[in-house]
Amino acid sequence: MTTRILIADDQADIRSGFRLILDSQPDMTVVGEAEDGERAVALARELRPDVVLADIRMPGLDGLEVTRLLAPDTRVLVVTTFDHDEYVHTALRNGACGFLLKRSGPALLIEGVRAAVQGDTLISPQITVRLLSSLTGRPGAGAARPAPAHPLTEREREIVRLVARGLTNAEIGAELFISAGTAKTHIANVQAKLGVRNRVGIASWAWEHGVARAEG
């Protein structure tokens, strides 16, 4: 099946560049472009794309608000120049299926779209490393946070740690010697227990609660 993509960015040259990259893929097609957030929301609701690429800073509604309005019914992949921690956290809380930097290059953009379609997520590696460092390095990080209503099992905590590292279902399966389908089932159970929308919500929870730093 062909993945239908909507590009939302206020810079015409960026939109054109993304279109060239994505339309070059045999399984992808760009079905629309939006120069501002309000247009992006309207086109997404009209065209029903599989994935929306949303910049952070756009006229009218910004990419964070676009994400909040469209997710989880529409997969939104934030692609931006700005990697401020506040933007990353807000995008994840609002249901983004990934957070990429424009400077990451064409290969990561294509991989991010494919991950979103498959129910996985992709976050630029430099962002993941910085977030893990800053969030798990704070004194008392996660110490006074409420626990989930139904405690996670040890296997589920392993799953959470691997999700926080950005691993896909297949990679989690290989790491834990289980099938990708079993990993997907565990992730669904974790989402229900934590009350989060998707796996990036799991990652955000793990970072904020200090679970991601436990590697043993």
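Figured I'd write up the structure that's included with this text. (Residues numbered from 1 in each chain as written. Predicted model: local features only at pLDDT ≥ 70, side-chain atom pairs only at ≥ 80, totals over all residues. Heavy atoms only, no water.)

**A word on the pairing of strand β5 (residues 98–101)**
Item 1. In β5, alternate side chains face the same way, and those of Gly98 and Leu100 on one face and Phe99 and Leu101 on the other are all buried.
Item 2. Where strand β4 (residues 75–80) lies against β5, 3 bridges are found, and the strand directions are parallel. In the strand pairing of β5, Val78 is matched with Phe99.
Item 3. Note that the unit made of β4, helix α4 (residues 85–93) and β5 has a crossover that is right-handed.
Item 4. In this sheet, strand β6 (residues 122–123) lies alongside β5 in parallel orientation, the contact comprising 2 bridges. Residue Gly98 lies in a different strand from β6, and its bridge partner there is Leu122. (Buried < 20%, exposed > 50% of the residue type's maximum accessible area, 1.4 Å probe, protein only. Helix = DSSP H or I, 4+ residues; strand = E, 2+ residues; numbered from the N terminus. Pairing = 2+ DSSP bridges. Right-handed = clockwise from strand over helix to strand, strands pointing away.)

**Considering the packing of aromatic side chains**
Item 1. Throughout the structure, instances matching the rule amount to 0 aromatic pairs.
Item 2. The aromatic ring of Phe82 is capped on one face by Arg57, whose charged end is 3.8 Å from the ring centroid. (Phe/Tyr/Trp six-rings, centres within 6.5 Å; stacked < 30°, edge-to-face > 60°. Lys NZ or Arg CZ within 6 Å of the ring centre and 35° of its normal.)

**Focus: the sheet that holds strand β2 (residues 28–34)**
Item 1. Across the sheet, which stays open at both edges, the 6 strands sit in the order β2-β1-β3-β4-β5-β6 with parallel pairing between neighbours. With one partner strand each, in any of the chains shown, β2 and β6 form the two edges of the open sheet.
Item 2. Pairing between strand β1 (residues 3–8) and β2: 6 bridges, direction parallel. Among the inter-strand pairings, Ile7 is bridged to a residue of β2, identified as Glu33.
Item 3. Along the sheet, helix α1 (residues 12–23) contacts β1, β2, β3 (51–54) and β4; its crossing angle with β2, the most-contacted strand, is approximately 165°.
Item 4. Sheet contacts for helix α2 (residues 37–47): β1, β2 and β3; angle to β2, the most-contacted strand, approximately 135°. (Contact = heavy atoms within 4.5 Å. Axes fitted to C-alpha atoms, helices over the stretch in contact; angles between N-to-C directions.)

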